[in-house]
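Each chain, written out:
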Amino acid sequence: MQKDHTQNRPKHIAIIMDGNGRWAEARGQERREGHRAGVEALRRIVKQSEDFGIRHLTLFSFSTENWGRPRSEVSFLMSLLERYIESDLADLHAEGVRVRVIGRRDGLSDKICRLIDRAESLTASNNRLFLQIAFNYGGREELADAAARLARRAANGTLDPEAINGDVLAAELLTAGVPNPDLVIRTSGETRLSNFMLWQSAYAELYFTDVLWPDFTRDDLQAAIDYYAERERRFGLVSASGETD
Ligand code: FPP
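An unreviewed UniProt entry lists the protein under the name Isoprenyl transferase, with PS1 clade bacterium as the source organism. Of the protein, the UniProt comment under Function (unreviewed entry) reads exactly: "Catalyzes the condensation of isopentenyl diphosphate (IPP) with allylic pyrophosphates generating different type of terpenoids." Under the UniProt heading Sequence similarities (unreviewed entry), the entry covering the protein gives this text: "Belongs to the UPP synthase family."

Written out as structure tokens, the structure is:
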């Protein structure tokens, strides 16, 4: 898909919200306090998205690798998602936010699965902002699951293997129907994708900042968007041809 050069503004921003633990440790607090502050930062960014013309926002909240953390931290992160949906769903709906949680359901409690289903169905026809929360998400797992579904359809004769192309695969991903991110932001100084939206980020601009996620403010979002606009001005019109810029 061709990037929008008319406005030089990202329509879809994906964020790897990193640094909650270090934020807490720097204050002599428990890591969970960092995650709690991380939810506050998440709330701020969701609210501010509209001002920046963002139509799609994807936030990496729990990776498939995060199961390897201490049990107490894993269950705390689970409870944060529960509490976030319980406390914010009505407001999100009132503000016209469509919610989708992307990731594997196995390992999640029945209660969380029910909350996710409720959030997705209640907000299904909203269109001001499409918020994707990546939870129990891994990019390789997403691709493997999509490949397995396509293989099953090919094996049972409902899909011609010759017809499989990038569009067919993209339609099987958890992000089906959502445009690819224009800009991926990672906080806390790490400069990796860490298995996040591997397919979808193929042509995204990448923006890394040392700011720890709980400290991420509107000014930091503005700086990332300015960076994106600058990249577009420099390179976009010179070499853009589809996504191969
Ligand atoms: C990375 O910080 C962050 C996470 C693993 C989780 C991100 C989660 C939130 C922002 C809150 C959860 C929100 C919802 C809605 C569930 P880290 O712990 O890896 O930080 P560190 O690298 O400094 O240790």
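Think of two packed helices as two axes; the pair is described by the angle between the axes and how far apart they sit. Following both chains from N to C, one finds helix α2 (residues 31-49) and helix α3 (residues 71-94) inclined at 25°, their axes separated by 11 Å at the closest point. Taken as axis vectors, α2 and α3 run roughly parallel relative to one another. You can see that α2 and α3 cross each other, and the crossing is right-handed. Residue-level contacts link Arg-31, Arg-32, His-35, Arg-36, Val-39, Leu-42, Arg-43 and Val-46 of α2 to Ser-72, Glu-73, Phe-76, Leu-77, Leu-80, Arg-83, Tyr-84, Ser-87, Asp-88 and Leu-92 of α3. The residue inventory of the contact of α2 with α3, partitioned by class, reads 8 nonpolar, 3 polar and 7 charged.

Before going further, it helps to spend a moment on the site of the ligand. Near the ligand, the surroundings consist of 18 residues, among which Met-17, Gly-21, Arg-22, Arg-31 and Arg-69 are the closest. Between an oxygen atom of the ligand and a main-chain N or O atom of Gly-21, the distance comes to 3.0 Å. For the ligand, an oxygen atom lies 2.7 Å from a polar atom in the backbone of Arg-22. In isolation the ligand has 620 Å² of accessible area, and contact with the protein removes 92% of it. Residue assignment for the shell around the ligand shows that the elements contributing at least two residues are α1 (20-26), α2 and α3.

About the thresholds
- Residues numbered from 1 in each chain as written.
- Predicted model: local features only at pLDDT ≥ 70, side-chain atom pairs only at ≥ 80, totals over all residues.
- Heavy atoms only, no water.
- UniProt positions renumbered as here; feature names shortened; annotations may be inferred.
- Axes fitted to C-alpha atoms, helices over the stretch in contact; angles between N-to-C directions.
- Helix = DSSP H or I, 4+ residues; strand = E, 2+ residues; numbered from the N terminus.
- Parallel < 35°, antiparallel > 145°, perpendicular 65-115°, else oblique.
- Left-handed = near helix turned anticlockwise from the far one by under 90°.
- Contact = heavy atoms within 4.5 Å.
- Nonpolar A, V, L, I, M, F, W, Y, C, P; charged D, E, K, R; others polar.
- Near = heavy atom within 4 Å.
- Polar contact = N/O pair within 3.5 Å; in protein donor to acceptor, adjacent residues only side chain to side chain.
- Areas by Shrake-Rupley, 256 points an atom, 1.4 Å probe, with all protein chains shown as cover.

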